[in-house]
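Architecture at a glance
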Amino acid sequence: MITPVLLAGGSGTRLWPLSRKSYPKQFADLGQPDTLFQSTVKRLAGKGFRRPVLLTSEDYRFIVTEQMGGAGVLPEAIFIEPSPCDTAPAVLIAALFLQASDPDGLMLIAPADHAIPETQAFRQAVDAAILAAEAGSIVTFGITPDRPETGYGYLELSGEDHPKDAPEPLKAFIEKPELARAKAMLASGQFLWNAGIFLVSVRAICDAFAQHAPEMMAPAQAALDNAKQDLGFRRLDASAFAQCPKISLDYAIMEKADNLQVLAFSDGWSDLGDWEALRRITDKDALGTALVGEATSVDCKDSLLWSTAEGQELVGIGLENIIAVAMPDAVLVADRRRVQDVKAAVTALREKGAKQADQFTRDHRPWGWFDSLAMGPRFQVKRIVVTPGSQLSLQSHVHRAEHWIVVEGTAHVTIDDEVKMVGENQSVFIPLGAIHRMENRGKVNMTLIGVQTGSYLGEDDIIRYEDAYSRT
């Protein structure tokens with residue numbers, strides 16, 4: 001049996017403004033029935049697979065459980081990383097966890113934000129790698145390239161004879177190349193894209209860390225041993241985890257190991273790491289332009305017009321090789337040849353203090369979500385949606401009062417010692433300083449319009465007394 005180890009903590013800044021730190025691409029709506037995260041979970045579930053082990057951050061823990069529920073898959077464990085430490089510490093934590101229960105089992109290490117449309121073909125590739133992994137090899141899955149891509153790392157094949165559709169020895173990892181070298185590698189037929197997906201036995205990966213990154217073993221084990229159970233999550237010990245170096249699995253292990261093999265996969269893959277990758281998989285018109293959402297093209301060629309702004313039409317006229325993305329709070333316009341530079345734009349936005357760099361207008365919470373409809377001096381208007389069976393924390397505010405108007409469903413509202421039901425078209429006032437809570441005990445989403453007034457309206461103006469989601 002294979003245990004999927006899913007890495008779900010990345011922020012995907014090259015797909016800004018659709019992907020941001022507060023809600024990255026693996027969880028975002030890309031116009032498909034499932035998110036990338038849900039597709040990954042489903043792809044690695046069912047016959048031959050155990051329940052997955054996930055590693056994610058504090059910010060995404062409830063998003064992970066909500067979307068796993070939507071995918072119909074239960075996790076074996078969800079580990080919360082106290083801080084970003086890249087992929088090597090995360091993989092080691094998972095391996096040490098599995099070592100206690102299944103040291104001879106296999107683990108399939110996979111990012112949670114890749115698109116692999118042909119699920120059955122990928123499972124067949126995994127099956128073809130099992131014997132090599134059971135024999136002690138680390139098997140990586142390389143993607144057969146169809147263009148001279150400069151945004152991916154590459155895997156160099158050894159060229160040795162091997163059975164068809166079976167792994168072969170890996171000669172070297174190659175960093176992202178310049179265009180000329182990428183063209184030469186494509187022409188040679190001896191290179192594959194590095195997808196960052198690995199099949200390996202628990203014992204072999206633990207041995208690899210002990211040999212090539214021994215300094216990580218003790219702090220990772222301590223972070224695991226001292227982890228705290230919190231609802232359905234396991235919080236890794238922060239002080240021990242901080243002693244792990246921030247390093248990728250490739251740098252820490254894969255570029256040093258001598259037991260690597262690679263299996264070529266040719267049935268479709270994309271990391272959807274930038275807007276050009278997303279344009280490539282989107283349906284296009286006769287002029288090669290992809291339209292998503294409320295978008296209109298007039299003589300645009302080989303472009304992408306992507307709009308998610310409700311009630312806002314994006315119109316392109318005479319554009320060529322342009323990426324145009326419109327969202328309620330941010331607009332991106334870029335030359336297709338410069339999509340790799342979107343990450344630099346996010347850095348520039350952070351330096352100037354623009355909240356759009358990392359935050360959406362919609363804020364996802366464990367009880368549902370809210371978005372800001374209007375804001376001005378001393379007031380803010382929000383739309384708040386609470387999912388069935390959920391509740392906000394028992395809280396108070398120092399600087400603001402609130403008016404709640406229910407427009408859908410029924411709210412059970414606590415204000416100090418009073419509890420009341422507030423139905424559709426009814427409202428309630430929360431005085432400044434009052435201890436209050438809102439619950440949705442119904443079976444449909446409860447929606448209200450909240451009007452906040454006061455001298456300070458920041459989300460940190462919350463004193464929590466009780467919280468069903470263990471937030472502080």
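The shown structure was predicted, so the numbers you read here are calculated from the model rather than taken from an experiment.

Scanning the protein chain from N- to C-terminus turns up eleven helices and 28 strands. The C-alpha radius of gyration of the protein chain comes to 24 Å, within 12% of the 23 Å expected for a compact globule of 472 residues. Projected onto its principal axes, the C-alpha positions of the protein chain cover 75 × 60 × 40 Å. Evaluated residue by residue, the protein chain yields a buried proportion of 52% over its 472 residues. Look at the contacts in the protein chain between residues 6 or more apart in sequence, and 68% of them connect residues 24 or more apart.

The final tally for this structure, using the stated rule, is 28 salt bridges. For Arg-365, the salt bridge identified is with Asp-363, shortest N-O distance 3.1 Å. Put simply, Lys-420 and Glu-418 hold a salt bridge, and the shortest N to O gap is 3.6 Å. The exposure class assigned to Lys-420 is partly exposed, which follows from its relative accessible area of 30%. Three or more residues are tied together by salt bridges with common partners; here these are Glu-58, Arg-61, Asp-230 and Arg-235.

This next bit is on the environment of Leu-170. Among the structural elements, Leu-170 can be located in strand 7 (residues 168-174). On the basis of relative accessible area, Leu-170 is assigned to the buried category, the value being 13%. Aside from chain neighbours lying at most four places away, what touches Leu-170 is Thr-140, Leu-155, Glu-156, Leu-260, Gln-261 and Val-262.

A few words now on the pairing of strand 11 (residues 260-265). Of all six residues in strand 11, five are buried, a share of seventy percent or more. Sheet analysis places strand 5 (residues 138-143) next to strand 11, joined by six bridges and oriented parallel. When the sheet's bridge partners are listed, Thr-140 is paired in strand 11 with Val-262. Bridge count for strand 7 against strand 11 is two bridges, and the pairing is antiparallel. Residue pairing in the sheet places Glu-168 in a bridge with Val-262 of strand 11.

Computed from the structure, the second largest pocket encloses a volume of approximately 1500 Å³. Along the wall of the second largest pocket there are 44 residues; nearest its centre are Tyr-23, Arg-362, Asp-363, His-364 and Trp-369. For the lining of the second largest pocket, the secondary-structure elements that each account for two or more residues are helix 2 (61-71), strand 14 (304-307), strand 18 (362-365) and strand 19 (368-376). Residue classes in the lining of the second largest pocket are distributed as 16 nonpolar, 13 polar and 15 charged.

Time to look at the UniProt feature "domain: Mannose-6-phosphate isomerase type II C-terminal" (unreviewed entry) in the protein chain. Following the UniProt record, one finds the feature "domain: Mannose-6-phosphate isomerase type II C-terminal" (unreviewed entry) at residues 354-467. Along residues 354-467 the backbone is 0% helical and 56% strand, and the end-to-end C-alpha distance reaches 30 Å.

Turning next to the sheet that holds strand 19. Ordered by their spatial adjacency, six strands build an open sheet running 18-19-20-27-22-25, and the pairing between neighbours is antiparallel. Two strands close off the open sheet at either side, each with one partner strand: strand 18 and strand 25 (427-430). Ignoring which end each strand starts from, the neighbouring axes of this sheet average 20° apart. Here strand 20 (residues 379-386) pairs with strand 27 (residues 446-454) via eight bridges, running antiparallel. Across the sheet, Phe-379 pairs through a bridge with Thr-453, a residue of strand 27.

On to the packing of helix 3 (residues 87-99) against helix 6 (residues 202-212), then. The contact between helix 3 and helix 6 brings their axes to 9 Å, and the two run at 130°. What the angle tells us is that helix 3 and helix 6 run oblique. When you trace helix 3 past helix 6, the crossing you get is left-handed. Counting all contacts with helix 3, which are made through Ala-88, Val-91, Leu-92, Ala-95, Leu-96, Leu-98 and Gln-99, the residues of helix 6 involved are Val-202, Ile-205, Cys-206 and Phe-209. Looking at the contact of helix 3 with helix 6 residue by residue, the classes come out as ten nonpolar, one polar and no charged.

About the cut-offs
- Residues numbered from 1 in each chain as written.
- Predicted model: local features only at pLDDT ≥ 70, side-chain atom pairs only at ≥ 80, totals over all residues.
- Heavy atoms only, no water.
- Helix = DSSP H or I, 4+ residues; strand = E, 2+ residues; numbered from the N terminus.
- Rg over C-alpha atoms; globule rule 2.2 N^0.38 Å.
- Buried < 20%, exposed > 50% of the residue type's maximum accessible area, 1.4 Å probe, protein only.
- Contact = heavy atoms within 4.5 Å.
- Salt bridge = Lys/Arg side-chain N within 4 Å of Asp/Glu carboxyl O.
- Pairing = 2+ DSSP bridges.
- 1 Å grid on protein atoms, 1.4 Å probe; cavity = no way out; pocket = protein on both sides within 12 Å on 5 of 7 lines; lining within 4 Å.
- Points joined across faces, edges and corners; volume = space filled by probe spheres on them.
- Nonpolar A, V, L, I, M, F, W, Y, C, P; charged D, E, K, R; others polar.
- UniProt positions renumbered as here; feature names shortened; annotations may be inferred.
- Axes fitted to C-alpha atoms, helices over the stretch in contact; angles between N-to-C directions.
- Parallel < 35°, antiparallel > 145°, perpendicular 65-115°, else oblique.
- Left-handed = near helix turned anticlockwise from the far one by under 90°.

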